[in-house]
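Here's the letter readout for the chains.
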Amino acid sequence: MIRLATYHDIPALKHIRKICFGESEAYSAFYFATRFTENNTLTYLEQDSPVASLTLLDAELLTADGHVFPVAYVYSVATLPNWRGRGIAAALSKYADDYLQARGVAASLLVPASAPLFDYYAKLGYETKFFVEKYEAACTDKESDTVLQASELEVGDYFRLRKEAYSGGGYYVQWSTDALDFALQDCRLTGGLAYRLHTAAREGFLLAYPMSDNTVIVKESWLDGDLYPLAVRLLQQKFGTHRKYIFYAMQRPETVTAQPFGMIKCYTGKALPLQGNIPYFGLAKD
């Protein structure tokens, strides 16, 4: 049986996330206090007990000609180990399709957690339309006349700068300020940092996460190219000079070094503007 999860299901949903993702009790409490609602999470029940779940987070696809399409981000798909291999995740995905179409949502988007899952989600009707390139950015030892200053990124600035960064193309996936506030809190709660970066004439931002393998992943950033070495110097002051600093950069699929990143499934008969590459649409964690 599949249904929308309720607040009564939260202990069972926390258990699923702990088993499947290794999520701590503290982080789980934060997530369910800030992002869970009774209309954004589906659960699969066996003998009245949740054994799998799938979350749908609302966003918008904005086009250059002023159209706004409601979309949903498929997040935290999880099935307890003893129930895997029975088609439960596929059943949840099909239920999500029907649920979203009934709400008038134009498309669902997701980021597969591993390379084999691209083929799995392709069989469920998703297309790979998002590509990313990862590169290591080096610090500069050269003296620079440019002074790059950093301050804590606030949600209002995050919303504004993200729109400036991504809406210059033909389309832009926009999150609400509530969703972006969750991303900022999540980043800091897990040991990362979120900076607004600015010089006398320019402005940008970045969100960075320290990883267990001695790297720092900058999941989302917007800076002029010549400022990245200066940004790495700031990150080194926080995380140390011994780490590797890996930046994500959205790329077009024809770029040789581009890697598949995200997928989309359209529900509307009206064609969405999906030619080329859509800017990063996740919540800085994927």
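In what follows, the structure referred to is the one given above.
Just so you know, these numbers come straight off a predicted model, no measurement behind them.

**Q** I tried to follow the overall build of the chain on my own but got confused; where do I start?
**A** When you go through the chain residue by residue, the secondary structure sums to 7 helices and 13 strands. Of all 286 residues assigned to the chain, the portion counted as buried reaches 49%. Once local pairs closer than 6 in sequence are excluded, the contacts in the chain between residues at least 24 apart make up 72%.

**Q** Teacher, can you tell me more about unusual backbone geometry here?
**A** A negative phi angle is the norm for most residues apart from glycine, just as the trans form is the norm for most peptide bonds. Despite not being glycine, Gln47 shows a phi value in the positive range, around 50 degrees. Position of Gln47 among the secondary structure elements: in the loop between β2 (41–46) and β3 (49–63). The class for Gln47 is exposed, based on a relative accessible area of 79%. Residue Ser76 is not a glycine yet carries a positive backbone phi of 55 degrees. Residue classification places Ser76 among the buried residues on the basis of a relative accessible area of 14%.

**Q** Explanation requested: the nonpolar core in the structure shown.
**A** One recurring pattern in soluble globular proteins is that nonpolar side chains are buried together. Grouped together as the largest cluster of nonpolar side chains are 69 residues, with contacts concentrated most on Leu56, Leu92, Leu153, Tyr158 and Leu207. Excluding anything up to four places from it in sequence, Leu92 contacts Ile2, Leu42, Thr43, Tyr44, Ala52, Ser53 and Leu54. In this structure, Val216, Val218, Leu223 and Leu235 belong to the second largest nonpolar core, which totals 20 residues.

**Q** Would you mind going over the packing of aromatic side chains with me for this structure?
**A** Geometry of an aromatic ring pair is reported as the spacing of the ring centres plus the angle between the planes. Scanning the entire structure with this criterion turns up 16 aromatic pairs. Ring geometry for Tyr31 and Tyr75: centres 6.2 Å apart, planes at 40 degrees, overall tilted. With Tyr31 in helix α2 (residues 25–34) and Tyr75 in strand β4 (residues 68–79), the pair connects residues that are 44 residues apart, well separated along the chain. Ring centres of Tyr135 and Tyr228 lie 6.4 Å apart, and the angle between their planes is 70 degrees; on these two criteria the pair is classed as edge-to-face. In this pair, Tyr135 is assigned in strand β6 (residues 127–136) and Tyr228 in helix α7 (residues 228–239), connecting sequence segments 93 residues apart. Tyr135 sits in the partly exposed class, given a relative accessible area of 29%. In this structure an aromatic cluster arises from ring pairing among Tyr7, Tyr27, Phe30, Tyr31, Phe32, Phe36, Tyr73, Tyr75, Trp175 and Phe182. Seen from the ring of Tyr31, Arg17 lies directly overhead, with NZ or CZ sitting 4.0 Å from the centre. The ring of Tyr209 carries the charged tip of Lys219 above its face, separated from the ring centre by 5.4 Å.

**Q** Would you explain the pattern of salt bridges in this entry?
**A** A side chain with one charge may pair with a side chain of the opposite charge, provided their charged atoms come close. A complete count under the given rule lists 14 salt bridges for this structure. In this structure, Glu164 engages Arg160 in a salt bridge whose closest nitrogen and oxygen atoms are separated by 3.4 Å. With a gap of 4 residues between them, Glu164 and Arg160 both fall in helix α5 (residues 155–166), about one helical turn apart. One network of salt bridges, with partners in common, ties together Asp157, Arg160, Glu164, Arg196 and Glu203.

**Q** Would you explain empty space enclosed by the protein in this entry?
**A** A probe matching the size of a water molecule, rolled over the atoms, marks out where space remains unfilled. For the coordinates displayed, the defined rule picks out 1 cavity of 30 Å³ or more. Counted as a void, the largest cavity has a volume near 60 Å³. Forming the boundary of the largest cavity are Leu13, Arg17, Phe21, Tyr31, Phe32, Phe36, Thr41, Ser53, Thr55 and Ser76. Secondary structure elements with two or more residues in the lining of the largest cavity: α1 (10–21), α2 and β3. At 3 residues, α1 tops the list of elements feeding residues into the lining of the largest cavity.

**Q** For this particular structure, what's the right way to read the side chain of Glu220?
**A** Mapped onto the secondary structure, Glu220 falls in strand β11 (residues 215–222). A distance of 2.5 Å separates the side chain of Glu220 from the side chain of Tyr158, its partner in a polar contact. Within polar-contact distance, the side chain of Glu220 engages the side chain of Arg162 at 2.8 Å.

**Q** What exactly am I supposed to notice about the pairing of β11 here?
**A** In regular strands, side chains alternate between the two faces of the sheet. Among the 8 residues in β11, 7 count as buried, and that is most of the element. Strand direction decides the pairing type here: strand β10 (residues 203–210) and β11, joined by 6 bridges, are antiparallel. Counted as the bridge partner of Phe205 is Trp222 from β11. Taking the residues between adjacent antiparallel strands as the criterion, β10 and β11 are bridged by 4 residues, where Asn214 takes a positive phi near 70 degrees.

What counts and how
Position labels on residues start from 1 in each chain and follow its written sequence. For this predicted model, a pLDDT threshold of at least 70 governs which residues receive local features, and a threshold of 80 or more governs which side-chain atom pairs are given and counted, while totals over whole chains, interfaces and linings are taken from all residues. Only heavy atoms go into the side-chain values, all of them from the structure, while hydrogens and water stay out. In DSSP terms, a helix is any run of H or I states spanning at least four residues, a strand is any run of E spanning at least two, and both are numbered starting from the N terminus. Under the scheme applied here, a residue whose accessible area is under 20% of the maximum for its type counts as buried, over 50% as exposed, and between as partly exposed, the area being computed with a 1.4 Å probe on protein chains only. In this analysis, two residues are considered to be in contact whenever any of their non-hydrogen atoms come within 4.5 Å of each other. Only buried residues count toward a nonpolar core. Its members are Ala, Val, Leu, Ile, Met, Phe, Trp, Tyr and Cys residues joined through side-chain atoms within 4.5 Å. Any Phe, Tyr or Trp ring, taking Trp's six-membered ring, that has another such ring centre within 6.5 Å forms a pair; planes under 30 degrees apart are called stacked, those over 60 apart edge-to-face, and the others tilted. Only when the NZ of Lys or the CZ of Arg is both within 6 Å of the ring centre and within 35 degrees of the ring normal is a charge said to sit over the ring. In the sections that follow, a salt bridge refers to a side-chain nitrogen of Lys or Arg positioned within 4 Å of a carboxyl oxygen of Asp or Glu. Definitions used for this entry: grid spacing 1 Å over protein atoms alone; cavity, a set of points where a 1.4 Å probe fits but cannot get out; pocket, an open set with protein on both sides within 12 Å along at least 5 of 7 lines; lining residue, one with an atom within 4 Å of a point. Grid points are joined across faces, edges and corners, and a volume is the space filled by probe spheres set on the points. Nitrogen and oxygen atoms within 3.5 Å of one another constitute a polar contact, given that in protein one can donate a hydrogen and the other can accept it, and given that sequence-neighbouring residues count only through two side-chain atoms. Here the rule is simple: two strands pair whenever DSSP picks up at least two bridges between them.

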